[in-house]
Amino acid sequence: MPNINIKVDKLETVVQLSAKIPEFHNPHQLDEYRKRLTNVPSIVLVAYVEEVPAGFKVGYEKDGYFYSWMGAILPKYRRLGLATKLAEKQEEWATIQGYPHVTFKTRNGLKSMLIFALNRGFNI
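Right, let's walk through the structure included here. These figures come from a predicted structure and were not determined experimentally.

### What about the overall build of the protein?
The number of helices and strands found in the protein is four helices and five strands. When the helices and strands of the protein are listed from N to C terminus, the series reads β-α-α-β-β-β-α-β-α. The proportion of buried residues among the 124 residues of the protein is 40%. Put simply, of all contacts in the protein between residues at least 6 apart along the chain, 61% involve residues at least 24 apart. A total accessible area of about 7,600 Å² is found for the protein, and carbon and sulfur atoms account for 50% of it.

In structure tokens form, the structure reads like this:
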């Protein structure tokens with residue numbers, strides 16, 4: 001099993017990773033991330049595999065709840081449990097901040113995200 005580390009990181013790292021995600025046809029740029037995360041509680045997490053950035057998860061407070069907004073894993077690093085580790089870390093942070101639950105959206109065409117949500121106990 002490779003060495004995996006989840007770190008609070010920079011938006012620039014997230015934007016670089018987003019550009020390499022095949023499911024993201026028009027990934028958000030740095031200005032959109034900054035716009036959404038300015039003046040609200042937020043967390044930016046990056047998963048590293050052997051010190052290489054391999055995935056990310058970004059969330060912030062929206063309308064009084066915690067919204068897990070963007071997240072993805074590079075194809076080469078899928079099936080290592082990175083999405084689960086990122087979600088656990090983000091949910092732990094949200095709980096410490098006092099949010100009673102986490103909300104997120106996905107598209108029906110992203111079946112793997114729907115399955116991931118169900119496996120994590122999310123309601124559809």
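### Some details on the sheet that holds strand β1 (residues 4–8)
Read across the open sheet, the five strands follow the order β1-β2-β3-β4-β5; overall the sheet is mixed. Bordering the open sheet on either side are β1 and β5 (102–103), each of which pairs with just one other strand. Packed onto the sheet, helix α1 (residues 11–18) meets β2 (42–49) and β3 (52–62) and runs at close to 115 degrees relative to β3. Strands in contact with helix α3 (residues 82–96) are β1, β2, β3, β4 (65–73) and β5; relative to β2, the strand with the most contacts, it is inclined by about 150 degrees.

Analysis parameters
Residues numbered from 1 in each chain as written. Predicted model: local features only at pLDDT ≥ 70, side-chain atom pairs only at ≥ 80, totals over all residues. Heavy atoms only, no water. Helix = DSSP H or I, 4+ residues; strand = E, 2+ residues; numbered from the N terminus. Buried < 20%, exposed > 50% of the residue type's maximum accessible area, 1.4 Å probe, protein only. Contact = heavy atoms within 4.5 Å. Areas by Shrake-Rupley, 256 points an atom, 1.4 Å probe, with all protein chains shown as cover. Pairing = 2+ DSSP bridges. Axes fitted to C-alpha atoms, helices over the stretch in contact; angles between N-to-C directions.

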